[in-house]
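# Remarks on the overall topology
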Amino acid sequence: MKPKHVPAAAGAPDPYFPNSGDHRYRVHRYELALDYRPGPNRLAGSARLSAVADTALTEFALDLAEFRIGRVLVDGRAARYTHRGGKLRIRPARALAPGAAFTVEVHYTGNPRPVRSPWGGLGWEELTEGALVASQPVGAPSWFPCNDRPADKATYQLAVTTPSPFTVVASGRLLTRTTRASSTTWVYEQSAPTPTYLVTVSIGHYRPVPLAVRPAVPQTGYVPERLAAAFARDFARQPEMTAYFGEVFGPYPFGEYSVVIADEELDVPVEAQGVATFGTNHLGAGWEHERLIAHELAHQWFGNSVTIADWRHIWLNEGFAKYAEWLWSEHAGGPGAAVHAAAAHRLLAGLPQDLRLDDPGRKLMFDDRLYQRGGLVVHALRRTLGEDAFFAMLRDWTGANRHGVVATSDLRAHAARYTTAPLGPLFEAWLERPELPPLPD
C-alpha cells in the first residue's frame, strides 16, 4: 500500500524539528520484538527496519533515546555506530547506492522513559501498573529506533512480551497471543502505512468491551474491570459516530478501532493509528466528553490516513478534527456547526491575534487557537463551496490521499476544483494572516 502523493517538503528536514529523522532514506517496514517487565520498567528490544536509500549513503541516522545498544547490523553485517544525543549514527560496512534497498537491525535494552520536549515528556510513559505510549510529535524514539518524521510512513509488526496478567493493545490487528510459562507474547500487524508518532502500545490490566455486536468497523474498548459498565454507557454512540463519519468523510481507513481507558488521569486523550487512549477522567456524560470521542475518532481520517508532510501543517489534522466535533453535534441533534463556529469566533476575537495558521511555529503548534481557527477555516470553506460541493470535496480529499502525505498547498489546490469562485482570498485571510477575519455568512 503506497502513499498516493508525497509533497516535495516530505524529502526535506522538518523545519520545526530539524534534528528529528533522516530525510535521505525511507523506511517501508518495522518489525519490533519487545520484552517489557512493568515492575522494574525494563525493556529489551530488537528492531528490524526495511528501507530504501534516496541518495548515496556512507552513513545514516536513526532516532533512539538513551538505551544500551547490543549490536547493529546492516544487511546482516556488523556496522559501526555512535549513539549520543538521541541519535544512533550508523556506518555500514559497504556504502549504500541511491535506490538501494537495505535492512537495519538494532538490539537494545534499558529503562524506557519519555523524551523531553517543550510540552513535557513524550513517548513511553510508565504507569502505576503497566505503560502507555503517546508520541506526538517526537516521542517515538523513547521506545524504538526509527526515522522519526511524519512523512516517512511504514507498515509495522509489533511483538510484545509481558507478564501474563497484563493485556497488550497495539496499533493494528492482533495476529496471535501465545502464553509460555508466566509470559504472554502479543503480535500485532499494522498493514496500513503509519508515521512513527502514531504507533502505540498500551500495557495494563484491561477487560475487552465490544461496543457493538456487528459494527461495520470492529470496535473494542480495553478498560479496567471496574469501569467496564461506565465505558459501555459513555461510548455507546461511537459506532453510530463512526458510521456517520464514514458517510461524510469516506470509508473508515483502517481495519479496526480500539479505545483504551488507561487506569490513570491524562491531560488529554491521544490518538494513534487505529487506537485512541483516554484517561479515567475522560469518562462521563455531556458534550465535553462526547466531543473528545468525536475528535479522536476523526483523526483516523485526518492525521492518520491523510498525514501531514511536516509539522507546519498541523492545522490540517486539528482543524478537520475540530470541525468533526461540530458536524457530529449537528448530526446528533445538538447545536449546529454554525453555532459552534460563532462561539469559536467570539472566543478567538478576545484572544491575541498573533497566530499564522499555515505556519504557527513550534511554540504555538498545539495552541488551542490553532484548533478553533482550523475549524473555522473548514466552516468558511463549507459556506463558500455550498453543501454538496463541500461534502464532495471532503470525501474526495480523504479518498485521493488515503494513506498518503499532504501539505496545506495540496488542500488549497484540491478545494479550488469544487468552485469557480477564487479561493485565494479566503485562504490568505484565514491561513496567512494572523488577524481574525469576519465569520462568513
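Up top is the structure these notes are about.
To keep things clear, this report deals only with the structure shown in the data block. Here the structure is a predicted model, which means the values were calculated and not measured.

Cut-offs used in this document
Residues numbered from 1 in each chain as written. Predicted model: local features only at pLDDT ≥ 70, side-chain atom pairs only at ≥ 80, totals over all residues. Heavy atoms only, no water. Phe/Tyr/Trp six-rings, centres within 6.5 Å; stacked < 30°, edge-to-face > 60°. Buried < 20%, exposed > 50% of the residue type's maximum accessible area, 1.4 Å probe, protein only. Helix = DSSP H or I, 4+ residues; strand = E, 2+ residues; numbered from the N terminus. Polar contact = N/O pair within 3.5 Å; in protein donor to acceptor, adjacent residues only side chain to side chain. Contact = heavy atoms within 4.5 Å. Pairing = 2+ DSSP bridges. Salt bridge = Lys/Arg side-chain N within 4 Å of Asp/Glu carboxyl O. 1 Å grid on protein atoms, 1.4 Å probe; cavity = no way out; pocket = protein on both sides within 12 Å on 5 of 7 lines; lining within 4 Å. Points joined across faces, edges and corners; volume = space filled by probe spheres on them. Nonpolar A, V, L, I, M, F, W, Y, C, P; charged D, E, K, R; others polar. Lys, Arg positive; Asp, Glu negative; His and termini not counted.

## Things to note about the packing of aromatic side chains
On inspection of all chains with the given rule, the structure shows 29 aromatic pairs. Ring centres of W143 and F144 lie 4.7 Å apart, and the angle between their planes is 75 degrees; on these two criteria the pair is classed as edge-to-face. The same class applies to W143 as to F144, namely buried. When the centroid spacing of 5.5 Å and the interplanar angle of 80 degrees are considered together, the rings of Y252 and W301 count as edge-to-face. In this pair, Y252 is assigned in the loop between α2 (238–249) and β18 (257–261) and W301 in the loop between α3 (287–298) and β21 (307–308), connecting sequence segments 49 residues apart. In this structure Y252 comes out as buried when scored by relative accessible area, which is 9%.

## Section: the side chain of N41
Relative to the elements of secondary structure, N41 occurs in the loop between β1 (25–37) and β2 (42–53). Among the polar contacts made by the side chain of N41, one reaches the main-chain carbonyl oxygen of P112 at a distance of 2.9 Å. Ignoring anything within four residues of it in the chain, the contact list for N41 reads Y36, G110, N111, P112, W124 and E126.

## Focus: the sheet that holds β2
Strand pairing in a sheet is mediated by backbone hydrogen bonds. Such pairs are either parallel or antiparallel. In space, the eight strands of this open sheet follow the order β5-β4-β8-β2-β1-β11-β14-β13, with mixed pairing throughout. Each end of this open sheet is capped by a strand with a single partner; those strands are β5 (77–78) and β13 (173–180). In terms of strand pairing, β2 meets strand β8 (residues 101–110) through 10 bridges, oriented antiparallel. Bridge assignment links G45 to a residue of β8, and that residue is Y108.

## What about the environment of L96?
Along the polypeptide, L96 turns up in the loop between β7 (87–91) and β8. L96 gets classed as buried once you look at its relative accessible area, which sits at 6%. Between the alpha carbons of L96 and V378 there is a distance of 44 Å; along the sequence they are 282 residues apart. Beyond its immediate chain neighbours, meaning those up to four positions away, L96 contacts A53, T55, A56, L57, F60, D75 and F102.

## Describing the pattern of salt bridges
Scanning the model with the defined rule gives 24 salt bridges in all. Ionic pairing is found between E66 and R113, a salt bridge with its closest N-O pair at 2.8 Å. Linking E66 in the loop between β3 (60–63) and β4 (68–74) with R113 in the loop between β8 and β9 (123–127), this pair joins segments that are 47 residues apart in sequence. On the basis of relative accessible area, E66 is assigned to the exposed category, the value being 62%. Measuring nitrogen to oxygen at the nearest pair gives 4.0 Å for the salt bridge that ties R433 to E428. R433 sits in the partly exposed class, given a relative accessible area of 43%. It is possible to trace a salt-bridge network through shared partners that takes in E288, R291, K322 and E325.

## Notes on empty space enclosed by the protein
For the structure on display, the rule yields three cavities of 30 Å³ or more. The computed volume of the largest cavity comes to approximately 80 Å³. What lines the largest cavity is simply L348, L351, P352, Q353, D354, L355, R369, R373, P434 and L436. Residue composition of the lining of the largest cavity, grouped by class: six nonpolar, one polar and three charged.

## Thoughts on the side chain of D148
Tracing the backbone through its elements, the reader meets D148 in the loop between β10 (130–134) and β11 (154–163). One buried charged residue, D148, remains without a salt bridge, the closest side chain of opposite sign being K87 at 8.3 Å. A polar contact of 2.6 Å, which involves the side chain of D148, links it to the side chain of T196. In this structure D148 touches S20, G21, D63, P137, V138, G139, A140, P141, T196 and Y197, once residues within four positions along its chain are discounted.

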